[in-house]
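Fold and geometry: a report
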Amino acid sequence: MTNNPRSGDVAPHASFVVVANRLAVERITDDEGDLGWRTSPGGLVTALEPIMKAKEGAWVGWHGSPDEELEPFEHDGIEMIPVRLSEEEFAEFYEGMSNATLWPLYHDSVAFPEYHREWWDAYVSVNQRFAEAAAEVTEEGGTVWVQDYQLQLVPRMLREMRPDLKIGFFLHIPFPPQELFQQLPWRTEILKGLTGADIVGFQVPGGAANFLRLIRDRLGYETKRGEFVRDDGSRGRAAAYPISIDANAFQDLANHPDTVARAEQIREDLDAEIMFLGVDRLDYTKGLRQRIRAFGELFQSGQLDPEKAVFLQVATPSRERVDEYRRLRDDIELLVGRINGDMGQIGRSPINYLHSGYPRQEMAALYRAADVMVVTPLRDGMNLVAKEYVACRTSGDGALVLSEFAGAARELKQAWQVNPYDINGMKQRILDAASATPTEKRRRMRALRRQVFTHDINNWAESFLSDLGVEVESK
Ligand code: ADP
Ligand code: F6P
C-alpha cells in the first residue's frame with residue numbers, strides 16, 4: 001500500500017479545505033441498487049456548505065469503508081477527497097487510538113483508556129496521510145480547518161509542510177484537565193500537534209484553559225490571555241467556540257405538516273399521558289445506565305405510573321466492535337428487559353427502547369412529541385440533541401432535563417440541570433420537570449429558545465473563521 005493519499009498529480013487549487021475523520025457524504029444505495037452519495041445530515045456540513053461553495057472548497061476525510069481506495073469526486077458543488085484506511089488502520093487508528101484511548105481519556109476516563117504502542121503508530125501514520133492530502137490540494141495562502149480528536153497531529157504536520165497556510169483546529173469533545181491528560185504516553189506529541197494551528201478551538205472555556213496550562217507546563221510555551229508563543233517565536237491562540245445547530249432548519253422541519261402528523265401518530269401509538277424521551281448514540285459517556293436505572297426506580301416506586309407514563313429511548317448503534325460499546329449494549333438491553341419484565345403488562349412496556357438510527361424528520365417528530373427530554377451524559381463536549389429538542393419546541397412548551405456535565409449546560413441554564421451520578425437527585429429533577437406548571441415550562445423554554453436561535457451553527461462557524469482571518473459572508 002502506498003502512503004500517497006491521492007493517485008495522480010493534482011495542482012493545489014482549493015482556497016478553503018476542511019479535514020475531518022469522516023467525509024461530508026455517506027454512501028447510499030438507490031432503488032435500482034446503484035451506489036451513490038448523500039450529503040451527511042450533520043450541522044457542520046450545513047454550516048460550511050455556503051463557504052465551501054463560495055471558495056472552491058474541498059473536504060478531506062475517510063469515506064467509511066476500510067481497504068477501499070477512491071478517487072476524489074464532486075458532490076453537490078463540493079470536492080470530496082477520500083482518504084484510504086486499511087482494515088488494520090481502521091482497527092488501530094479509529095477503533096483503537098481514537099475510540100478506546102483518546103475518547104475515554106478525554107471524557108474524564110468514564111471508561112478505562114487503553115494504551116497500545118501499535119495504535120499510536122497507526123495514529124501517527126494516518127494523521128500524516130490526512131495532512132498530506134490537505135497539503136496537496138490547498139492553494140498558496142489558503143485555509144485549512146482540521147476537526148476533532150482523531151486528527152490532533154495534523155495541524156503541526158501541515159504547518160511543517162505548508163507554512164504559508166492558515167490552520168484552524170476545533171475539538172468537538174472535551175479537553176481534559178492536566179491530571180488526566182498526563183497519563184497519555186504521547187502527551188507531548190499531541191500538544192505539539194495541536195499547537196501547529198493558528199487557532200485551537202474548544203467547546204467551553206475550561207477546555208481552552210486546560211490546554212493552555214498544559215502547553216505552559218509541558219512544552220514551556222509562554223501563554224497570555226489565550227495566546228501562546230511557539231519555540232520559533234510565532235504565535236497561536238486557544239479559545240472556546242461552543243458549537244450549535246441549524247436552529248431554523250430544525251424549526252422548519254418540526255413545523256412541516258408531515259412532521260406534525262407523525263408526532264401525533266407517535267403519541268397515539270405510545271398511548272400515554274406523558275412521554276419522556278432520550279436520544280443518544282449508544283455510548284457509555286451518555287449516562288444511559290444511570291438514566292434507565294432512574295426511570296426503573298421511578299416506575300417501580302409508583303412515582304411514575306407505568307399505565308400513564310412512557311420513557312422512549314432511541315439509541316443509535318455506534319463503534320460496535322469496540323469492547324466497551326459491546327458491554328454497554330448488553331447492559332442496557334439487560335436493564336431494559338428486566339424493568340419491562342417486572343413492570344410491563346400485555347401490550348404495554350414502561351420503557352420503549354429502539355436501537356436504530358432515524359432520518360432527521362423522524363427525530364424532529366420525536367422531539368415534537370416528547371413532553372420531557374432527558375439528556376444526562378456523564379461527560380459531553382456539547383450535546384446537540386439538547387439544542388435540537390429546544391429548536392423543535394415551536395409552540396414554546398416542553399421541558400429539558402440536562403446534565404451539568406454536558407458543554408450545553410453552560411448555555412442552557414434554564415434546563416432542569418442534574419448530576420447524572422446522583423440517581424436520587426436525577427429522579428427528583430425528572431419529576432420536577434414533568435410536574436412543572438405550563439407557565440414555568442414556557443418561561444424556561446422561552447429563554448432556552450432565545451439562546452439556541454441567537455447562537456446557531458452559522459454564528460459558530462463565522463466566529464471561528466473570522467478569528468482565523470477568513471472572510472465569511474454573513475447569511
Ligand atoms: P455525539 O456527537 O456524541 O453523537 P450529539 O448529541 O452532539 O452527540 O450529536 C448527535 C447527533 O446525532 C444529533 O444531531 C442527533 O440528532 C443525531 N442522532 C442521535 N441519535 C440518532 C438516531 N437514532 N438517529 C438519527 N440521528 C441521531
Ligand atoms: O462528537 C464526536 C463524534 O466523533 C462526531 O464527530 C461524530 O459525528 C460522532 O462522534 C460519531 O462518531 P463516529 O464518527 O466514530 O461514528
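A few points on the structure. Just so it is clear, the model here is predicted, and its values are computed rather than measured. (Residues numbered from 1 in each chain as written. Chains lettered and ligands numbered in written order. Predicted model: local features only at pLDDT ≥ 70, side-chain atom pairs only at ≥ 80, totals over all residues. Heavy atoms only, no water.)

Examining the overall build of the protein
We count it as follows: We count a stretch as a helix when DSSP gives it H or I for four or more residues in a row; a strand needs E for two or more, and each element gets its number in order from the N terminus. Just to be clear, the radius of gyration here is over C-alpha atoms, and the globule rule we use is 2.2 Å times residues to the power 0.38. Burial status follows relative accessibility: with a 1.4 Å probe on protein chains alone, a residue under 20% of its type maximum counts as buried, one over 50% as exposed, and anything between as partly exposed. Residue contacts follow a heavy-atom distance rule, with two residues in contact if any of their heavy atoms lie within 4.5 Å. The accessible surface values rely on the Shrake-Rupley method and a 1.4 Å probe; as for residues, cover is taken only from the protein chains in view.
Helices and strands together make up the secondary structure of the protein, namely 16 helices and 18 strands. For 475 residues, the compact-globule estimate of 2.2 N^0.38 gives 23 Å, and the protein sits close to it at 23 Å. Counting only C-alpha atoms and orienting by the principal axes, one finds that the protein spans roughly 65 × 55 × 40 Å. Within the protein, the proportion of its 475 residues that are buried is 56%. Here the contacts in the protein between residues at least 6 apart in sequence split such that 73% fall between residues at least 24 apart. Here the protein displays about 19,500 Å² of accessible surface, and carbon together with sulfur accounts for 46% of that area.

Description of the site of ligand 1
Counted only if it meets this: One heavy atom suffices: a residue is near a molecule or strand as soon as one of its heavy atoms comes within 4 Å of it. Pairing of N or O atoms within 3.5 Å defines a polar contact, subject to two protein rules: one partner must be a possible hydrogen donor and the other a possible acceptor, and residues neighboring in sequence count only if both atoms are side-chain atoms. The nonpolar class holds Ala, Val, Leu, Ile, Met, Phe, Trp, Tyr, Cys and Pro. Asp, Glu, Lys and Arg form the charged class, and all remaining residues, Gly among them, are polar.
Taken together, 15 residues form the shell around ligand 1, and within it Arg281, Thr316, Ser356, Tyr358 and Glu388 come nearest. A distance of 2.5 Å separates an oxygen atom of ligand 1 from a polar atom in the side chain of Glu388. Relative to its unbound accessible area of 570 Å², ligand 1 is 79% covered by the protein chains. Mapped onto the shell around ligand 1, the elements with two or more residues apiece are strand E13 (274-281), strand E14 (309-316), helix H12 (360-369) and helix H13 (384-392). Class assignment of the residues belonging to the shell around ligand 1 gives a composition of seven nonpolar, four polar and four charged.

Re the packing of H13 against helix H15 (residues 438-454)
Test applied: Note on definitions: angles span 0 to 180 degrees between N-to-C directions of axes, and those axes are lines fitted to C-alpha atoms, for helices only across the stretch in contact. We call two directions roughly parallel when the angle between them is under 35 degrees, roughly antiparallel when it is over 145, roughly perpendicular when it lies between 65 and 115, and oblique otherwise. Crossing handedness is defined as follows: a turn of the near helix away from the far one that is anticlockwise and smaller than a right angle gives a left-handed crossing, while the clockwise case is right-handed.
In the contact formed by H13 and H15, the axes pass within 9 Å of each other and the chain directions differ by 110°. Classified by the interaxial angle, the pair formed by H13 and H15 is roughly perpendicular. Along this stretch, H13 crosses H15, giving a crossing that reads as left-handed. Side by side, H13 and H15 meet where Lys387, Tyr389, Val390, Ala391 and Cys392 of the first sit next to Met445, Leu448, Arg449, Val452 and Phe453 of the second. Of the residues assigned to the contact of H13 with H15, the class counts are eight nonpolar, no polar and two charged.

Comments concerning the pairing of strand E3 (residues 35-39)
To keep it simple, the criterion reads: A pair of strands counts as paired when DSSP detects no fewer than two bridges linking them.
In this structure, strand E2 (residues 25-29) lies alongside E3, joined through five bridges in antiparallel fashion. Counterpart to Thr29 in the pairing with E3 is Leu35.

Here we look at the pattern of salt bridges
Filter applied, for reference: We define a salt bridge as a side-chain nitrogen of Lys or Arg found within 4 Å of a carboxyl oxygen belonging to Asp or Glu.
On inspection of all chains with the given rule, the structure shows 32 salt bridges. Linking Arg27 and Glu68 is a salt bridge whose minimum nitrogen-to-oxygen distance equals 3.2 Å. In this pair, Arg27 is assigned in strand E2 and Glu68 in the loop between strand E4 (57-62) and strand E5 (73-75), connecting sequence segments 41 residues apart. Taking relative accessible area as the criterion, Arg27 reaches 29% and is therefore assigned partly exposed. As a salt-bridge pair, Glu179 and Arg213 come within 3.7 Å of each other at their nearest N and O atoms. Remark: Arg213 occurs in helix H7 (residues 205-218) and Glu179 occurs in helix H5 (residues 178-181); sequence separation between them is 34 residues. For Arg213, a relative accessible area of 35% translates into the label partly exposed. Linked by salt bridges that have partners in common, Glu49, Lys53 and Asp76 make up one network.

Quick notes on unusual backbone geometry
One non-glycine residue, Glu56, adopts positive backbone phi at about 50°. Along the chain, Glu56 falls in the loop between helix H1 (43-54) and E4. Glu56 gets classed as exposed once you look at its relative accessible area, which sits at 58%.

Things to note about helix H2 (residues 87-106)
This is how the line gets drawn: A helix's residues, less one, multiplied by 1.5 Å, set its expected span. Two axes enter the bend calculation: one fitted to the seven residues ending at the residue in question, the other to the seven starting there, and the bend is the angle between them.
Along its 20 residues, H2 runs just 25 Å from first to last C-alpha, ending more than 12% under the 28 Å computed at 1.5 Å per residue. Largest kink in H2: about 40°, centred on Gly96. Most of H2 is tucked away: 17 of the 20 residues are buried. Just downstream of H2 lies Asp108, where phi reads positive at about 60°.

Here's the deal with the nonpolar core
The condition that has to hold: Think of a nonpolar core as a cluster: buried Ala, Val, Leu, Ile, Met, Phe, Trp, Tyr and Cys residues, connected wherever their side-chain atoms sit within 4.5 Å. Boundaries of every domain are those given by an automatic assignment or by a domain database.
Of all hydrophobic cores here, the largest spans 100 residues; its most connected members are Phe175, Phe211 and Phe276. A total of eleven residues in this core trace back to one element, the largest contributor, which is helix H3 (residues 117-137). When we break this core down by domain, the ones giving at least three residues each are domain 1 (14-243 + 459-468) and domain 2 (247-454). Ignoring any residue separated from it by four or fewer positions in sequence, one finds Phe211 in contact with Phe175, Leu191, Leu194, Thr195, Val200, Phe202, Phe228 and Ala238.

Some remarks on the sheet that holds strand E18 (residues 416-418)
Neighbouring strands of a sheet are bound in pairs by backbone hydrogen bonds; such pairs are parallel or else antiparallel. Strand order in the open sheet formed by six strands is E15-E14-E13-E16-E17-E18, with parallel pairing between adjacent strands. Among the strands making up the open sheet, the edge pair consists of strand E15 (351-355) and E18. Direction aside, neighbouring strands of the sheet carry axes that sit 20° apart on average. Relative to E15, E14 runs parallel, the two sharing five bridges. Paired with Leu312 across the bridge in E15 is Asn352. Of the strands in this sheet, E13, E14 and strand E16 (372-375) are in contact with H12, which crosses E13 at around 145°.

Describing the sheet that holds strand E7 (residues 138-147)
Reading across the sheet, the ten strands line up as E5-E6-E4-E1-E7-E8-E9-E12-E11-E10 and stay open at both edges, with mixed pairing between neighbours. What marks the edges here is a single partner per strand, and that holds for E5 and strand E10 (222-224). The average angle at which neighbouring strand axes cross in this sheet is 25°, direction not considered. Relative to strand E8 (residues 166-170), helix H4 (residues 154-161) is tilted by about 175°, and along the sheet it contacts E7 and E8. Running at roughly 145° to E8, helix H16 (residues 457-468) makes contact with strand E1 (14-22), E7, E8 and strand E9 (199-202) of the sheet.

So, the side chain of Arg444
Topologically, Arg444 is positioned in helix H15. Not counting chain neighbours up to four residues away, the residues in contact with Arg444 comprise Gln414, Ala415 and Trp416.

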